[in-house]
Amino acid sequence: MYGSSESKYARKSSISSSSSISKTSYDKSKYSADIYDSSERRSSIVQDVSSSRESSISTRRTDLEENLSSRYRRSDVLERDERSERVRTSDKSGQYQKSEERYAESSRQIDGLAPTFQQKPAIKQEDDGKRLLFECRILADPKPTLSWFHNGNLVTPTGRFKSTITAEGKNVYFSVLEVGKVTVEDAGKYKVTAKNELGESNATISLNFDSDDANIPDEGVKPTFTDRPVIRQSDDGNKVIFECRLVADPTPIITWYQGTKVIKEGGKYKMKIETDTTKHVATMEISGVESGDGGEYKAVAKNKLGEGTANINLNFEGGGDDDKPKVPDGKAPRFPKKPTIKQEGDILIMECILECNPSPEIQWYRGTTKINESGDEGVAPTFIGKPKIIPKDNGALVMMECQVNSKPAPEVTWYKGTTVVRESSRIKTIITPNGDNYTVVMEIKACIQDFSIRGR
């Protein structure tokens, strides 16, 4: 530890010299000692004292130089690159060592792509809703690192949570957050952050549980806000109502805050909570609202199992005392119950109950494919039978063949592992139609193993 050893000897020398001078009472004498370690690891002492003390100081200096010389050897550069170097300083015995890393500004330009979301997060249900998959696609180079957050808390991929990222093609990555044994506590806002050395990007998605058959743990539920808070306003603009929906068991205690200040009920503030089994609606009404009521609010719900927080911002138009609160008109779309499926003859009917204002635009999907309303009934790609591998020309040519039923004609992508296979002089893809059935063939010159096929 070179730095600490240097200061140690400097202090000893200074104390010793000071003591000598005080004993001989040389008023005009002066003494200074500078100990430093240059490329040749030398020590020097500058002195200006009377001849009566010269011999003592010279002896002390010689001992100090020999001591330093015996202890310090050199600094070894262990590693060096364009951005940093790692240096180790040690004594001859090898007992005292110090490693440090020095960083330098780099003028080289890094090629690549900062992360962007090619596909925003989407939620897929499996096992009748007992397992959820949050899926997204990212375009980035180099490969990004991904972090998932639930209500602002980092999701650790252990236990019920599993996070994966796989390469799908050049600079394209597919990420999945899997949540198992889903309960109402998993409701809330999810955020995914993709980051590499060129930048970062994030996207969010909300998971709502508001149906009667949501899974409730036997031991109860910590307070979990299931929807984004809503702000309502009276027609005359004199009242503002905050509304928050949550699940909790047992029933939680709600505390409202403006900034960091607790709001007490009374006067212009009126609070209540409506309960239906494990579902709750917490509201706070502010009467005689004025510009001073603007700012950040939050509702904190607590029970014996934990707590949850909902944040609300109340803004005003302009900055005068007579300005009205800036409250969004209407109500964001919300599904209060799970979709239902019923059958009438050979027709399946899927129904959803939706609360919103104004009337929304509705888009149905099958998987990730949009369903367009038309009289032409289509068929999603379905593989018929197992794929075949047909060697030809004594193995110099290999054909992989699949039968697909689809309407309209499918787009076909071949994969080797998780890497997309592109056509080349060695690889050729052929699609032959036969009504709504298609024969999909990939010809490969020389054998390449571990291919898979996906149709959409």
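What you see is a predicted model; the values in this text were computed from it and never measured.

**Considering the overall build of the protein**
Along the protein, the regular secondary structure elements total two helices and 36 strands. Counting every position in the protein, which comprises 456 residues, the buried fraction comes to 32%. Long-range contacts, defined here as pairs at least 24 residues apart, represent 54% of the contacts in the protein between residues at least 6 apart. Put simply, the protein shows about 29,400 Å² of open surface, and 46% of that area lies on carbon and sulfur atoms.

**Some words on the UniProt feature "domain: Ig-like" (unreviewed entry) in the protein**
Listed under "domain: Ig-like" (unreviewed entry) in the UniProt record, and renumbered for this structure, are residues 115-206, 223-315 and 381-416. The distance separating the terminal C-alpha atoms of residues 381-416 is 20 Å; by composition the span is 0% helix and 78% strand.

**Some remarks on the pattern of salt bridges**
For the structure on display, the rule yields 13 salt bridges. One salt bridge connects Lys124 with Glu135, and the closest N-O pair in it is separated by 3.4 Å. Of the two residues, Lys124 is situated in strand S6 (residues 113-126) and Glu135 in strand S7 (residues 131-141); the sequence distance between them amounts to 11 residues. Using a relative accessible area of 10% as the deciding quantity, one classes Glu135 as buried. The shortest N-O distance in the salt bridge between Arg160 and Asp186 comes to 2.9 Å. Placement of Arg160 in the loop between strand S9 (153-154) and strand S10 (161-169) and of Asp186 in the loop between strand S11 (172-179) and strand S12 (188-196) is noted, with a sequence separation of 26 residues between them. Each of the salt bridges in this network shares a partner with another, and the network as a whole consists of Glu126, Asp127, Arg131 and Glu178.

**Regarding the side chain of Thr278**
You can see Thr278 is positioned in the loop between strand S19 (269-276) and strand S20 (279-287). Setting aside anything within four residues of it in sequence, one finds Thr278 in contact with Ile216, Leu246, Val247, Ala248 and Asp249.

**Let's talk about the packing of aromatic side chains**
Counted under the stated rule, the structure contains four aromatic pairs. Members of the aromatic cluster, joined through ring pairs, are Phe134, Trp148 and Tyr190. Looking at Lys191, its charged tip hangs above the ring of Phe149, at a distance of 5.3 Å from the centre. Above the face of the Tyr257 ring, Lys298 is positioned so that its terminal group lies 5.1 Å from the ring centre.

**Remarks on the sheet that holds S7**
Within a sheet, neighbouring strands are paired by backbone hydrogen bonds and run either parallel or antiparallel to one another. The four strands lie next to each other as S6-S7-S11-S10, forming an open sheet whose pairing is antiparallel. Every other strand in the sheet has two partners, leaving S6 and S10 as the edge strands with one partner each. Adjacent strand axes in the sheet meet at a mean angle of 20° when their direction is disregarded. Here S7 pairs with S11 via eight bridges, running antiparallel. Each residue of the ladder has a partner; that of Cys136, found in S11, is Ser175.

**Observations regarding the sheet that holds strand S35 (residues 437-445)**
Sheet architecture is open: four strands sit in the order S30-S31-S35-S34, paired in antiparallel fashion. Strands with a single pairing partner mark the edges of an open sheet, and in this sheet they are strand S30 (379-392) and strand S34 (427-434). On average, each strand axis in the sheet is inclined to that of its neighbour by 15°, with strand direction left out of account. Sheet analysis places S34 next to S35, joined by eight bridges and oriented antiparallel. Counted as the bridge partner of Ile430 is Val441 from S35.

**Section: unusual backbone geometry**
The omega angle of the peptide bond from Asp141 to Pro142 is 5°, so this bond is cis rather than trans. The topology assignment puts Pro142 in the loop between S7 and strand S8 (145-150). Cis geometry marks the peptide bond from Lys407 to Pro408; its omega dihedral reads 5°. Mapped onto the elements of the fold, Pro408 is located in the loop between strand S31 (397-407) and strand S32 (412-416). The backbone of Asn151 sits at a positive phi, close to 50°, despite the residue not being glycine. With respect to the helices and strands, the residue Asn151 is situated in the loop between S8 and S9. Even without being glycine, Lys181 reaches a positive phi, approximately 50°.

About the criteria used
- Residues numbered from 1 in each chain as written.
- Predicted model: local features only at pLDDT ≥ 70, side-chain atom pairs only at ≥ 80, totals over all residues.
- Heavy atoms only, no water.
- Helix = DSSP H or I, 4+ residues; strand = E, 2+ residues; numbered from the N terminus.
- Buried < 20%, exposed > 50% of the residue type's maximum accessible area, 1.4 Å probe, protein only.
- Contact = heavy atoms within 4.5 Å.
- Areas by Shrake-Rupley, 256 points an atom, 1.4 Å probe, with all protein chains shown as cover.
- UniProt positions renumbered as here; feature names shortened; annotations may be inferred.
- Salt bridge = Lys/Arg side-chain N within 4 Å of Asp/Glu carboxyl O.
- Phe/Tyr/Trp six-rings, centres within 6.5 Å; stacked < 30°, edge-to-face > 60°.
- Lys NZ or Arg CZ within 6 Å of the ring centre and 35° of its normal.
- Pairing = 2+ DSSP bridges.
- Axes fitted to C-alpha atoms, helices over the stretch in contact; angles between N-to-C directions.

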